[in-house]
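The chain contents come next:
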Amino acid sequence: MAERMFVVGPETVRMLDLGHPWIIADKFTAAWPPGSAGEVIALTEKGGRFLGSALYAPDERIVARVLDRKKIGVNRAWLQGRIVAALDLRRNHLDLTGTNAYRLVNGEGDGLSGLTVDVYGDYLMVQTYSAAWKPHLKLVADVLQELLAPRGIYEKFRPQETRELSAKGASTRYSRMLHGTAAPAELVVEENGLNYGVDLADGLNTGLFPDQRENRRDLMGRVKGKTVLNLFAYTGAFSVAAAAAGAQKVTSVDASGAYLGRAQANFELNRLNPKRHEFFVDDCFKLLERFARDKRRFDVVLFDPPSFSSTRKSTFSTRGGTADLVSAACAVLPPGGLLIASSNHQKTELADYLKELRRGALQAGCDLKVISVRGQAADFTYPVTFPEGRYLKYVLAVKG
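Residues numbered from 1 in each chain as written. Predicted model: local features only at pLDDT ≥ 70, side-chain atom pairs only at ≥ 80, totals over all residues. Heavy atoms only, no water.

Draft legend 1. Focus on the layout of surface pockets. As a volume, the second largest pocket reaches approximately 200 Å³. Along the walls of the second largest pocket sit 14 residues, with G19, P21, V66, R69 and E108 positioned nearest its centre. Of the residues contributing to the lining of the second largest pocket, the split by class is six nonpolar, four polar and four charged. (1 Å grid on protein atoms, 1.4 Å probe; cavity = no way out; pocket = protein on both sides within 12 Å on 5 of 7 lines; lining within 4 Å. Points joined across faces, edges and corners; volume = space filled by probe spheres on them. Nonpolar A, V, L, I, M, F, W, Y, C, P; charged D, E, K, R; others polar.)

Spelled out as structure tokens, the structure:
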């Protein structure tokens, strides 16, 4: 039987030669033989040159994900080699002092495109961003159990259309147990010596974003004795870090009362009295307008909104919304105040994000001087051939 041919077009050949791991569906992939999600296929160019082994996902926009530049199969030995390499990288290059919540496998950054593994204390969370990993999940769990012996392993499937799901208020059940025993409803983990409650069973997210760990550590060195405003506070990880580091008062704002309830619980986990701080269930823009009218000022204003969010009062998106947010934040910052602007929107590059900050500053007639540009924590590694991997923007600017 003739070998099945998965021929890619010249533009994809160029991207593969540059080291990019994604094959985007196009007219060339439309001519591929039928196959099942998770099948390992051999990619070639028209002349027959072998380009790499990839996981097939015939019904998805990223129709194949390169796993290796050699011919391989997804078997125990190959997968164990990749995960051991990921472990070694983190053991040799990460400072995890006082931390037991971090990313062990970061998809493309660890040669496992479309798959991540997060450590939460004695538990692991496997996230799949493609149906191509579904047939291999038992093997993934077996290898992780053999290498790390966690109490339990969860799997969370990341749906493609998270924006639409969020807007429609779709079901929050995305997780299931792969192995071991269930975690407590609120599992307490440690980050930078502080405690946070996470939920491994419900929702698209656990309640803590480890990719901001090093940025929270940086914040802790800047806020002693200062007033801090945390917008889109979610479950209050930045707020807890600021309060624990000696901030005079932390004001946390989020449209979700449930999230802010968890934020107050996180304060209590760290023996921080939430009554000494402020929590507002409100639209961030509306509250900023009110603070400006009342002439309230904050030494530090931080915002880390989701790339898309919707409330009854307003809708926020990174593009366009960031400039308006910067403009409104400038009105409550005194001269010398610190603005911290963060975004995890993968499709917005740093240069474009800085343009949004510039637009907002000009709109407000505000002089902002950038003093630092940071990204995600070191465990969220990415190849230099995969610019999409540097998704987190974290910009610190001082108001003149």
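Let us keep going from here.
Draft legend 2. The arrangement of the nonpolar core in detail. Residues Y120, L187, L200, L219, V223 and I340 are the most contacted members of the largest nonpolar core, which totals 37 residues. Those elements that place two or more of their residues in this core are β8 (123–128), β11 (187–191), β12 (194–198), α6 (237–244), α7 (257–269), β16 (300–303), β19 (338–343) and β21 (393–399). Broken down by element, the residue count for this core peaks at six residues, all from α6. Setting aside anything within four residues of it in sequence, one finds Y120 in contact with N100, A101, M125, L187, V189, V198, L200, T206, L208 and P210. (Core = buried A, V, L, I, M, F, W, Y, C linked by side-chain atoms within 4.5 Å. Buried < 20%, exposed > 50% of the residue type's maximum accessible area, 1.4 Å probe, protein only. Helix = DSSP H or I, 4+ residues; strand = E, 2+ residues; numbered from the N terminus. Contact = heavy atoms within 4.5 Å.)

Draft legend 3. Quick peek at unusual backbone geometry. Of note, the phi angle at N192 is positive, near 50°, even though the residue is not glycine. Mapped onto the elements, N192 comes out in the loop between β11 and β12. Note on N192: relative accessible area 16%, which makes it buried.

Draft legend 4. Molecular detail of the sheet that holds strand β5 (residues 62–68). Read across the open sheet, the five strands follow the order β1-β3-β4-β5-β2; overall the sheet is mixed. Across the chains shown, the open sheet's two edge strands, defined by having one partner strand only, are β1 (6–7) and β2 (22–24). Pairing geometry for strand β3 (residues 40–44) and strand β4 (residues 50–56), over five bridges, is antiparallel. Bridging from a neighbouring strand, A42 pairs with S53 of β4. Contacts from helix α1 (residues 10–17) reach β2, β3, β4 and β5 within the one sheet, and its direction differs from that of β4 by about 95°. (Pairing = 2+ DSSP bridges. Axes fitted to C-alpha atoms, helices over the stretch in contact; angles between N-to-C directions.)

Draft legend 5. Fine view of the environment of G360. Along the chain, G360 turns up in helix α10 (residues 350–364). Sequence separation between G360 and A323 is 37 residues, and the spatial gap between their C-alpha atoms is 3.9 Å. When sequence neighbours within four positions are dropped, the list of residues in contact with G360 reads A323, V326 and S327.

Draft legend 6. Highlighting the sheet that holds β8. The five strands lie next to each other as β6-β7-β8-β9-β10, forming an open sheet whose pairing is mixed. Edge positions in the sheet fall to β6 (101–106) and β10 (175–180), since each of these pairs with one other strand and no more. Averaged over all adjacent pairs, the angle separating strand axes in this sheet is 25°, with direction ignored. The pairing of strand β7 (residues 115–120) with β8 spans six bridges and is classified as antiparallel.

Draft legend 7. Highlighting the pairing of β3. For β3, the buried fraction is high: four of the five residues fall into the buried class. Where β1 lies against β3, two bridges are found, and the strand directions are parallel. Along β3, the bridge assignment pairs V7 with T44. Counting the residues between successive antiparallel strands, the hairpin from β3 to β4 contains five residues, one of them, G48, with a positive phi of roughly 100°.

Draft legend 8. Seen up close, the pattern of salt bridges. Taken as a whole and judged by the stated rule, the model has 23 salt bridges. Here R76 makes a salt bridge to D142, at a shortest N to O gap of 3.9 Å. With R76 in helix α2 (residues 76–93) and D142 in helix α3 (residues 137–148), the pair connects residues that are 66 residues apart, well separated along the chain. Here R76 falls in the partly exposed class, since its relative accessible area comes to 36%. On the basis of relative accessible area, D142 is assigned to the partly exposed category, the value being 23%. Residue R359 is joined to E356 by a salt bridge in which the shortest nitrogen-to-oxygen separation is 3.4 Å. Taken as a pair, R359 and E356 lie in helix α10 at a separation of three residues, close to a single helical turn. On the basis of relative accessible area, E356 is assigned to the buried category, the value being 13%. (Salt bridge = Lys/Arg side-chain N within 4 Å of Asp/Glu carboxyl O.)

Draft legend 9. Structural context of the environment of L302. Among the structural elements, L302 can be located in strand β16. On the accessibility criterion, L302 (2% relative accessible area) is buried. Separated by 71 residues in the primary sequence, L302 and L231 have C-alpha atoms spaced 6.2 Å apart. Those residues in contact with L302, other than ones at most four positions away along the chain, are L219, L229, N230, L231, F238, I340 and Y394.

Draft legend 10. Representation of a nonpolar patch on the surface in the model. Residues L354, V370 and V373 make up a contiguous nonpolar surface patch of about 210 Å² in total accessible area. In this fold, V373 is placed in strand β20 (residues 368–374). According to the relative accessible area criterion, V373 is partly exposed, its value standing at 36%. (Patch = residues over 30% accessible without salt bridge, like charges linked within 9 Å, V, L, I, M, F, W, Y side chains within 5 Å. Areas by Shrake-Rupley, 256 points an atom, 1.4 Å probe, with all protein chains shown as cover.)

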